[in-house]
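# Descriptive structure summary
In case you want the letters, here they are:
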Amino acid sequence: MKVEVLSATEKPIELISMAAGTCYGKSNASKKRVETCYQSGHLSVFEHAVVSFRIEGISRACMAQLTRHRHVSYCVESQRYCKYDLAGDDWYVVPPSIDCMNKIWFDAKMQEDAQDYLDAIQEGIKPEDARYLLPEATKTNLVMTCNVREMFHILDMRMDKAAQWEIRDLAKAMYEACKGINREWREVMELRA
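Read on for a plain summary of the structure.

## Remarks on the pattern of salt bridges
A complete count under the given rule lists 12 salt bridges for this structure. Ionic pairing is found between R54 and E4, a salt bridge with its closest N-O pair at 3.5 Å. Here the residue R54 occupies a position in strand β2 (residues 50-59), and E4 occupies one in strand β1 (residues 2-8), the gap between them amounting to 50 residues. On the accessibility criterion, R54 (32% relative accessible area) is partly exposed.

And the structure:
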């Protein structure tokens, strides 16, 4: 899995503060105002700052969970139009619960599914229909854009210990990527602490 920030509001604290200040007749930027808004639940002002990610190598199963967050924009790699290299074991995600003995079985099952997909195409079945033979473990790539309020919601839901392991790993990677943008993004992300 790879998570990369493509674009982000350059000064999120300044923007969020200015938006909140408008509500109170203030024109200055203030980190304290942003903190107060967060603590008091005045979260609509966090919708003004946005971040876009490129996410690579997550399973279709993880992608299905992620796209349940509807206040986000997504562009997902198309299984209809993209050709897949199904050789080897780099085209699918292996759950950590698959131990060494079961990995042999799991890899064999993935190769069976890959062969079924390739056979279907060889028989003249369109890739858009042959893709029904591919497993949920198949890796995909996407671009995702969301505002900070929704990012907080995603992190709260998906970093929880009850969340499924892959989306929890993805949420942690998104959190770390945001903290790495610049000082203001680190401070915004740390509001959740």
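## Re the nonpolar core
In this structure, F46, F53, I55, M144, M151 and M189 are the most contacted members of the largest nonpolar core, which totals 38 residues. Breaking this core down by element, the ones donating at least two residues are α1 (12-24), α2 (31-40), β2, α3 (60-66), β4 (139-147), α6 (148-158), α7 (165-179) and α8 (183-189). If one sorts the elements of this core by residue count, α7 sits on top with 7 residues. If near-sequence neighbours (up to four positions away) are discounted, I55 is found in contact with K2, V3, L66, T140, N141, L142, M144, L170 and M174. Among the nonpolar cores identified, the runner-up in size contains 13 residues, and L86, I98, M110 and A120 belong to it.

## Side note on a negative patch on the surface
Residues E112, D116, D119 and E123 make up a contiguous surface patch of negative charge. Checked against the element boundaries, D116 lands in helix α4 (residues 100-122). Residue class for D116 comes out partly exposed when judged on its relative accessible area of 39%.

Conventions we followed
Throughout this document, residue positions are counted from 1 along each chain, in the order its sequence is written. Two thresholds apply to this predicted model, a pLDDT of at least 70 for residue-level local features and 80 or more for giving and counting side-chain atom pairs, whereas whole-chain, interface and lining totals are computed over all residues. Each side-chain value is derived from all of the structure's non-hydrogen atoms; neither hydrogens nor water enter the calculation. Salt bridge, as used here, is a side-chain nitrogen of Lys or Arg placed within 4 Å of a carboxyl oxygen of Asp or Glu. Note on conventions: DSSP H or I runs of at least 4 residues are helices, E runs of at least 2 residues are strands, and numbering of each starts at the N terminus. The cut-offs for exposure are 20% and 50% of the maximum accessible area for each residue type, with area from a 1.4 Å probe on protein chains only; residues under the lower value are buried, those over the upper are exposed, and the others partly exposed. The nonpolar core is taken to be a set of buried Ala, Val, Leu, Ile, Met, Phe, Trp, Tyr and Cys residues, with the residues joined through side-chain atoms within 4.5 Å. Contacts are residue-level and defined by heavy atoms, with any inter-residue pair within 4.5 Å sufficient. What goes into a patch is any residue over 30% in relative accessible area without a salt bridge, connected to like charges within 9 Å or, for nonpolar side chains (Val, Leu, Ile, Met, Phe, Trp, Tyr), within 5 Å. All accessible-area figures derive from a Shrake-Rupley calculation using a 1.4 Å probe, and residue coverage is judged against the displayed protein chains alone. Residues counted as positive are Lys and Arg, residues counted as negative are Asp and Glu, and His and the chain ends are not counted. Lys charges are placed at NZ, Arg charges at CZ, Asp charges at CG and Glu charges at CD.

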